[in-house]
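Summary of the model geometry
Chain by chain, the residues:
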Amino acid sequence: MSDTARRPRICVAGAGSIGCFVGGLLVQAGHDVRFLARSRIIEAVARDGLTLTDYSGLDLHLTALAMTDDPAEALAEADLVLVAVKSGATAQIATDIQAFAPHAQVISLQNGVANADALRRALPQADVRASVVPFNVVAKSGAAFHRASSGDILVEAGPLPSLGNPHLIWTPHRDIAAVQWGKLLINLGNAINALADMPLLDQLHERRWRRLIADQMAEALHVLRAAGITPAKTTAAPPHLIPHILRLPTPLFRVIAAQMLTIDAQARSSMWEDLSRGRPTEIDALQGEILSLAERNGRQAPLNTRMHALIKAAEAAGKGPPGLGVDDIRQ
């Protein structure tokens, strides 16, 4: 990545788990960062500071951060906007960027495959880049965030300011759309983790859960194949092999998985966190994308349809993750 003449003023638009973790590490590296955040996060940071930890031993505490819930203040004079809002808020943040930072470069740190394109349509004059954030960040009490799995941020190739940090590596990629589809396949498991209401590592150590994750992913791979989409790998294994790896006996799976991804006992999906906090999930940007592709290409995706319906029901109930078992989900 190329350096700019000066370090850019950065706005993290959407200071939730990913936004706070990425933005905090950029602050540690000496960047000028403003956070557009909810009042709950602003109050927690003002009271306790921002604490970032991870599986490798990172333990960082930051205070006196520039946080606001006012888009005009957060985006004023921004050179770079890191969009970390949920998919449902993309249209609104695009309107805010157009109003207050129309010439800023924009990087989407969001899940799914459609958000960067939505930003491009709303911001035709802006340099908008898609990216893939492969690691999991868990929100703890107050303003503490823990990265529970490994991976570098992959960002659409092109001129970018230097954003390096020993704990936050940005790697350019020339086919980011394929990587986004690969990450979406992995993220389909978010719904299963949210429905189960259990730590991700515990879930992966049980073969019945892994088979459910594998069956859903294999179904989605058939849909992508029918649509002519070839997903790129976001772990050490290519996407078409992951269902087979998940179905292996547990002792063999643990050996192979340890070489693919580092994950600790605190990891849970962002969808689990959304249900826990009574927020809308990103199910439409994940399973919803598979269902749309299936419909357009004359395919069926019953397991993805089931996940979509169960998450929508949990959202409507407003009682948090429902704690379903494998048989409850499969029916």
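Overview of the structure. (Residues numbered from 1 in each chain as written. Predicted model: local features only at pLDDT ≥ 70, side-chain atom pairs only at ≥ 80, totals over all residues. Heavy atoms only, no water.)

**Description of the overall build of the protein chain**
When helices and strands are counted, the protein chain shows 15 helices and 12 strands. With respect to the three principal axes, the spread of C-alpha positions in the protein chain is 55 × 40 × 40 Å. The buried share of the protein chain, taken over its 331 residues, is 54%. Taking contacts inside the protein chain between residues at least 6 apart in sequence as the whole, the part at least 24 apart equals 69%. About 14,100 Å² of surface is accessible on the protein chain, with carbon and sulfur atoms providing 52% of the total. Separation between the mean location of the 32 positive side-chain charges and that of the 32 negative ones in the protein chain comes to 6 Å. (Helix = DSSP H or I, 4+ residues; strand = E, 2+ residues; numbered from the N terminus. Buried < 20%, exposed > 50% of the residue type's maximum accessible area, 1.4 Å probe, protein only. Contact = heavy atoms within 4.5 Å. Areas by Shrake-Rupley, 256 points an atom, 1.4 Å probe, with all protein chains shown as cover. Lys, Arg positive; Asp, Glu negative; His and termini not counted. Charge placed at Lys NZ, Arg CZ, Asp CG, Glu CD.)

**Quick look at the sheet that holds strand 3 (residues 50–54)**
One open sheet accounts for 4 strands, arranged 4-3-10-9; its pairing is mixed. At either end of the open sheet lies a strand with only one pairing partner, and these are strand 4 (59–62) and strand 9 (137–139). For this sheet, the mean angle separating the axes of adjacent strands, direction not counted, is 20 degrees. In terms of strand pairing, strand 3 meets strand 4 through 4 bridges, oriented antiparallel. Paired with leucine 50 across the two strands is leucine 62, which belongs to strand 4. (Pairing = 2+ DSSP bridges. Axes fitted to C-alpha atoms, helices over the stretch in contact; angles between N-to-C directions.)

**So, the nonpolar core**
Among the nonpolar cores identified, the biggest contains 44 residues, and Trp209, Leu212, Ile290, Met307 and Ile311 are the most heavily contacted of them. If one sorts the elements of this core by residue count, helix 9 (residues 207–226) sits on top with 9 residues. Judged by nonpolar contacts, the second largest core, of 37 residues, contains Leu26, Val33, Leu58 and Leu80. (Core = buried A, V, L, I, M, F, W, Y, C linked by side-chain atoms within 4.5 Å.)

**A look at the side chain of threonine 281**
Mapping threonine 281 onto the fold places it in the loop between helix 12 (270–276) and helix 13 (287–296). In contact with threonine 281, not counting residues within four places along its chain, are Met271, Asp274, Leu275, Ile311 and Glu315.

**Some words on the environment of proline 172**
With respect to the secondary-structure elements, proline 172 resides in strand 12 (residues 170–173). In the structure, proline 172 is positioned 19 residues away from isoleucine 153 in sequence and 8.5 Å away in space, judged by C-alpha atoms.

**Brief notes about the side chain of serine 108**
Assignment of secondary structure puts serine 108 in strand 7 (residues 105–108). Setting aside residues no more than four positions away along its own chain, serine 108 makes contact with Val83, Asn115, Ala116, Leu119, Arg129, Ala130 and Ser131.

**Things to note about the packing of aromatic side chains**
All chains considered together, the criterion is met by 1 aromatic pair. Directly above the aromatic system of phenylalanine 135 lies the positively charged group of arginine 147, at a separation of 5.2 Å from the ring centroid. Directly above the aromatic system of phenylalanine 253 lies the positively charged group of arginine 210, at a separation of 4.3 Å from the ring centroid. (Phe/Tyr/Trp six-rings, centres within 6.5 Å; stacked < 30°, edge-to-face > 60°. Lys NZ or Arg CZ within 6 Å of the ring centre and 35° of its normal.)

**Some words on the packing of helix 6 (residues 176–187) against helix 9**
It is at 9 Å that the axes of helix 6 and helix 9 come closest, and there the two elements cross at 150 degrees. Relative to helix 9, helix 6 is oriented roughly antiparallel. The element helix 6 and its partner helix 9 pack so that their crossing is right-handed. Within the contact between the two elements, helix 6 uses Trp181, Leu185 and Ile186 and helix 9 uses Met217, Ala220, Leu221 and Leu224. Residue classes in the contact of helix 6 with helix 9 are distributed as 7 nonpolar, no polar and no charged. (Parallel < 35°, antiparallel > 145°, perpendicular 65-115°, else oblique. Left-handed = near helix turned anticlockwise from the far one by under 90°. Nonpolar A, V, L, I, M, F, W, Y, C, P; charged D, E, K, R; others polar.)

**A word on helix 13**
For helix 13, every residue scored as buried is listed here: Gln287, Gly288, Glu289, Ile290, Leu293 and Ala294. For helix 13, the secondary structure elements touched by its buried residues are helix 6, helix 7 (189–196), helix 9 and helix 14 (302–317). Following helix 13 by one or two positions, glycine 298 adopts a phi angle in the positive range, close to 65 degrees.

**Description of helix 4 (residues 90–100)**
Count 3.6 residues to each turn of an α-helix, and residues three or four apart come out pointing the same way. Of all the positions in helix 4, only Thr90, Ile93, Ala94, Asp96 and Ile97 are classed as buried. The arc enclosing the buried residues of helix 4, seen along the axis, measures out at 160 degrees, which places them on a common side. Structural note: helix 4 exposes Ala91 and Ala99 on the side pointing more than 90 degrees away from its buried face. Among the structural elements, strand 1 (9–13), strand 2 (32–36), helix 3 (71–75), strand 6 (80–83), strand 7 and helix 5 (115–122) are those in contact with the buried residues of helix 4. (Arc of directions from axis to C-beta.)

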